[in-house]
Amino acid sequence: MNIIACIKQVPDTETQIKVAPDKKSIVKDDIKWVMNPYDEFGVEEALRVKEKFGGEVTVVGLGPKRVTESIRTALAMGADKGILIVDDALEGSDSLATAKALAAAIKDLDYDLIFAGQRGVDDDLGVVGAALAEFLGIPQISVVVKVDVAEDGKSVRCNRPVEGEVLVIESSLPALVTAQKGLNEPRYASLPGIMKAKKKPLEEKSLADLGLDSAEFGEEARKVKIMEMTPPPERAAGKIIEGETPEEKAAGLAKLLHEEAKVI
Amino acid sequence: MAQGVFAIAEQREGEIRKVTYEIVSEGRRLADALGQELTAVLLGSGIKDKAGELAHYGADKVLVADDPKLGTYTTDAYVTVIADLVKDKDPAVVLGGASSQGKDLIARLSARLGVGMGQDCTAFSVEDGKFTAVRPVYAGKAYTKVSFENSMPQIATARPNVMTISEPDTSRSAEVIDAPVSLDEGALKTKVADVMKDESGKVDLTEADKIVSGGRGMKGPENYNILEELADLIGASVGASRSAVDAGWRPHSDQVGQTGKVVSPNLYIACGISGAIQHLAGMSTSKVIVAINKDPDAPIFQKADYGVVADLFDVVPALTEEVKKYL
């Protein structure tokens, strides 16, 4: 069973995000770039499926050269080979363009299952997985916490939590699954794993290599334009509830929640 | 030229879900601002009698796709039917709810139609005839205002609990139109094999009106009962910070924050949560925020409307007693 895990790099979730002077992007200095946490669950699950069924795991990343580091991390965890789609013309591409490039890199590979994170913790769109599945003409199962591939390797059953219930969704393969927290605990790369990763194949592809027209990518081709980026709205200074004892403070709080905030 | 606003309704087991009323109400406001019609789109099985409800919230027309294959949501079937309707009716704006179903549907729909989309928006407006949306990014650490100039229809989903539901006008009626359903059984590759209901009866955090949340200060899973008691009393759901979830005290589904759920309740009570940036990002669109923490320097107090500096193990049980006076 051959599996593909898609990854992107995002600012670490502890990052303080600052809006850049152009008011359309963030300040990118001093950011610690990490593999998108949801993609890490996807990589781990890909490795677990491979351990059960055999086959190969290919990690496909897109972005600037620094993304190599995250692909190496996935290789060190146990993936077999990597592809990085890297091209200056990609800078500023939207989700559909990103998915189009990923689809071009993946369509001729031999695969049964594709994993992606349920969303990037940067733009929070959650579109690339669905769009990639669409462009490859395969089904998607989104936001999944459990994956069971059938013994014959022809279908998959996934648990997808939605509001108030968990859907068990069955799909034929090939299919694309997007990973949610709770799917697994990603392993750490071992030292021998890190050493081995250095020798694993990692191929770089430009848009031209993929037979794509660079005019369809980048900032100019975005279908959704960012008019303005701002820091989150400030909240007005709050009140600290005074009181001699915790009971008094609790009483004061309950009164305010009832009379002033009118939420109780 | 593309005209009109589509609001994609969501039903489960034949019942309209709350987020639908939010987007139909918001769709009405946008349609008025554009001077165009609002069409609600309802898919399901045996659901035609629900179309009238959508009229009460502002729909001029309701397109109903009623078919046994549409009883339960699947991406394949729903996207196919809705994409056909969009191509046929050519709306300028398509709105959905940013629920689990809505996000899955709209993501694939935008790819099928080859148009851009805005997910999980917190505000929409029409400026000089142009549709714009406000979207938090980095889980709310920054906000973007976006337009859809090169893309038609303009597709977006609205974060649950954010759009105001209009007062229903039961005298309103809508033209109900049967929408064609042509689904090739062979093309449907996914099916819902089973549904495991959450028996707790608690509302999911993303849709909850009130949330009582506990962090590292809870000291262990056994202490969450004091939050449960308060939550049961005021009709709240219980959430948790990442550190509480990572410690194994609470399930992943309870996590609020950048790698958990982004929530917008009317009342968020943070107990023993210091307020790591990735937590604050996930709850800062809550309407009223209360922080209970014994550390007066905890960052959570900077986001809180009401702060109590004291031991939560004293304050929470006392608060539970005090709120009884007002219920």
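Reading guide: rules and limits
Residues numbered from 1 in each chain as written. Chains lettered and ligands numbered in written order. Predicted model: local features only at pLDDT ≥ 70, side-chain atom pairs only at ≥ 80, totals over all residues. Helix = DSSP H or I, 4+ residues; strand = E, 2+ residues; numbered from the N terminus. Contact = placed C-beta atoms within 7 Å. Domains from an automatic or database assignment. Nonpolar A, V, L, I, M, F, W, Y, C, P; charged D, E, K, R; others polar. Pairing = 2+ DSSP bridges. Axes fitted to C-alpha atoms, helices over the stretch in contact; angles between N-to-C directions. Parallel < 35°, antiparallel > 145°, perpendicular 65-115°, else oblique. Left-handed = near helix turned anticlockwise from the far one by under 90°. Core = buried A, V, L, I, M, F, W, Y, C linked by C-beta atoms within 7 Å. Buried ≥ 20, exposed ≤ 12 C-beta atoms within 10 Å, placed from the backbone.

**Examining the overall build of chain A**
For chain A, the helix and strand inventory stands at six helices and 14 strands. The dimensions of chain A, computed from C-alpha atoms along their principal axes, are 70 × 45 × 40 Å. Taking all contacts inside chain A whose residues are at least 6 apart in sequence as the whole, residues at least 24 apart take part in 71%.

**Side note on the domain arrangement of chain B**
All names here are of chain B. Here chain B is partitioned into domain 1 (5-187) and domain 2 (205-326). Placing a centre on the C-alpha atoms of domain 1 and another on those of domain 2 gives a separation of 32 Å. Listed by partner, the interface residues are ten residues for domain 1 and ten residues for domain 2. Grouping the constituent residues of the side of domain 1 that touches domain 2 by class yields four nonpolar, three polar and three charged.

**As for the interface of chain A and chain B**
For interface size, the figure often reported is the accessible area lost on association. Counting residues at the interface gives 68 residues for chain A, matched by 79 residues for chain B. Counting residues per element, the ones that place at least two in the side of chain A that touches chain B are α3 (95-106), α4 (128-136), β7 (140-144), β9 (155-162), β10 (165-172), β13 (225-230), β14 (239-240) and α6 (246-259) of chain A. Looking at which element gives the most residues to the side of chain A that touches chain B, the answer is α6(A), with nine residues. For the side of chain A that touches chain B, a count of residues per class yields 38 nonpolar, twelve polar and 18 charged. Where β10(A) lies against strand β13 (residues 190-197) of chain B, seven bridges are found, and the strand directions are antiparallel. The residue bridging A:E170 from the neighbouring strand is B:K191, located in β13(B).

**Regarding the sheet that holds strand β5 (residues 81-85) of chain A**
All names here are of chain A. Taking strand neighbours across the sheet as the criterion, the seven strands line up as β7-β11-β6-β1-β4-β5-β12 in an open arrangement whose pairing is parallel. Edge strands, defined here as strands with exactly one partner in the open sheet, are β7 and β12 (202-205). Ignoring strand direction, the axes of neighbouring strands in this sheet form an average angle of 20°. Alignment of β5 against β12, held across four bridges, turns out to be parallel. Each residue of the ladder has a partner; that of L84, found in β12, is E204.

**Brief notes about the packing of α6(A) against helix α8 (residues 312-323) of chain B**
Two quantities define a packed helix pair, namely the angle between the helix axes and the distance between the axes. For the pair α6(A) and α8(B), the least separation of the axes is 8 Å and the interaxial angle reads 45°. One element, α6(A), and the other, α8(B), form an angle in the oblique class. The element α6(A) and its partner α8(B) pack so that their crossing is right-handed. Judged by residue contacts, A:P246, A:E247, A:K249, A:A250, A:A251, A:L253 and A:A254 of α6(A) engage B:D314, B:V315, B:A318, B:L319, B:E322 and B:V323 from α8(B).

**Considering the nonpolar core**
Of all hydrophobic cores here, the largest spans 189 residues; its most connected members are A:A5, B:A7, B:V41, B:L54 and B:V290. When neighbours within four sequence positions are excluded, B:A7 is seen to be in contact with B:I23, B:V24, B:G27, B:L38, B:A40, B:V41, B:A59 and B:L95.

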